[in-house]
Structure formats: C-alpha cells, structure tokens
Amino acid sequence: MTSLRKEHSVASKNSNRLQKRLNEYNHSMNEYLFQYCQKIVVLSADQKSVLLCKRKWEADYDGVFSFIGGKMETTDDGIIAWLKREKDEEVGENFKVKIFPTLSYNTFFRKKDGNAMILPHYLALHVEWGIVLSEEYSEYAWVEIEKLADLEPKIPNIPQVIDQLLNQNILESDFIII
C-alpha cells in the first residue's frame, strides 16, 4: 500500500511539473503565434490588369481594395485546395484561374489588434469569367497595372507585390487551373 501512495505522489508531482511546463510553453507560444493568410494575385490573361476587390466589415482594411484570399483552415488538404477554396468562396466557383502554386511572395503585416500575419501572395492568370462576389466585398475592379498608382483606396504594397511576382521566371506549363 505504501508504494502505491508513493507512486501516486510521484505521478502527481510529475503531472504538476508537466502542467507547469505546458503553461509556460503556451504562454511563450502566444508571443509568437501568427496567422497565415494567403492572397491570390489574379492578372488578366494579357497580364495588363489585376483583379482587386473592395473589402467590407474588415477591421484593418474596410473599404479598401485588396487581393482576394484568406486564412488556411484545418479542413484544407494542402496549398492548392486552400487556394481553390478561398477563390471559390470569394469570387465564385465559375471564376477560373491558372495559379502558380510553387512560388509565393511573402509579406508581413501587424493588425490593429496586435496580431501578426504572414501573407504569401500567389500569382494567378484569369481563364474564365463568372465573378460572384462574396459578402466580404462591396465591389471589384480590373485595374490596369500601369494605372495602379491612381487607384485609391488600396493596400499600399499592391504595386510592389505585382512587380515581385511578374519579375519571376515562370513557365505557362507550371500553372494549375483551379
């Protein structure tokens, strides 16, 4: 009987130590957590215009033109499934694009609430029309890349992101239709 009490006491101490370490770990992880929120940079087939949608009900960029995209969900089976789900949710299943899924241009953003975000931007080329805008947006526009400087309000890094993606060596055969 005595050895069982000792074992219970040791197990209880180990459990308390483990709980303390888990609490420390969770506290330290909260300092480093971030959201991973992909953006799809949809260019017209001739690569002269970009699709931008005006956000609504968004804490940081309400009423501002941005790329489509959103956060990865636990149900997404991978990057391509994630990109397709976000595209379908935000501009409709009938809006088809060819996406280049193996290259992204990543940016960092700190939200007004202090949360950090990593934003990978994926290049896509428009294939078929059929935009059905989700309730997250109030309008969309195909904006000529050369006239982006005149468009307001927009997320400030849009021209830089497009420049970075267009300056990559990408073959047409590397794209996947989603």
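Structure's up top.
Rules used throughout
Residues numbered from 1 in each chain as written. Predicted model: local features only at pLDDT ≥ 70, side-chain atom pairs only at ≥ 80, totals over all residues. Heavy atoms only, no water. 1 Å grid on protein atoms, 1.4 Å probe; cavity = no way out; pocket = protein on both sides within 12 Å on 5 of 7 lines; lining within 4 Å. Points joined across faces, edges and corners; volume = space filled by probe spheres on them. Helix = DSSP H or I, 4+ residues; strand = E, 2+ residues; numbered from the N terminus. Nonpolar A, V, L, I, M, F, W, Y, C, P; charged D, E, K, R; others polar. Expected span 1.5 Å × (residues − 1). Contact = heavy atoms within 4.5 Å. Salt bridge = Lys/Arg side-chain N within 4 Å of Asp/Glu carboxyl O. Buried < 20%, exposed > 50% of the residue type's maximum accessible area, 1.4 Å probe, protein only. Phe/Tyr/Trp six-rings, centres within 6.5 Å; stacked < 30°, edge-to-face > 60°.

## With respect to the layout of surface pockets
Think of a ball as big as a water molecule: rolled over the atoms, this probe shows where empty space is left. Computed from the structure, the largest pocket encloses a volume of approximately 560 Å³. For the lining of the largest pocket, the elements supplying multiple residues, two or more each, are β1 (34-43), β4 (68-71), α2 (79-91), β5 (96-110) and β6 (116-128). Partitioning the lining of the largest pocket into residue classes produces 12 nonpolar, six polar and 11 charged.

## A look at α2
Residues that lie three or four places apart on an α-helix share one face, since the helix turns once every 3.6 residues. Between its first and last C-alpha atoms α2 spans 18 Å; for 13 residues at 1.5 Å apiece the expected length is 18 Å, and the two agree. Elements that come into contact with the buried residues of α2 comprise β1, β2 (49-55), β4, β5, β6 and β7 (137-144). Remark: G92 follows α2 within two positions and exhibits a positive phi of approximately 100°.

## A look at the pattern of salt bridges
Within this structure, the stated rule accounts for 11 salt bridges. Here R85 ties to D76 by a salt bridge, and the two come within 2.7 Å at their closest N and O atoms. For D76, a relative accessible area of 12% corresponds to the buried category. Three or more residues are tied together by salt bridges with common partners; here these are E73, D76, R85, E86 and E89.

## Looking at the packing of aromatic side chains
Each aromatic ring pair is described using two quantities: the centre-to-centre distance and the angle formed by the ring planes. The final tally for this structure, using the stated rule, is five aromatic pairs. Each ring, one from F100 and one from F175, has its centre 5.6 Å from the other, and the planes form 50°; the classification is tilted. Highlighted residues: F100 in strand β5 and F175 in the loop between α3 (158-166) and β8 (176-177), separated in sequence by 75 residues. One exposure class covers both F100 and F175, and it is buried. Aromatic pair W129 and W142: ring centres 5.6 Å apart, planes at 80°, arrangement edge-to-face. Of this pair, W129 sits in the loop between β6 and β7 while W142 sits in strand β7, placing them 13 residues apart in sequence.

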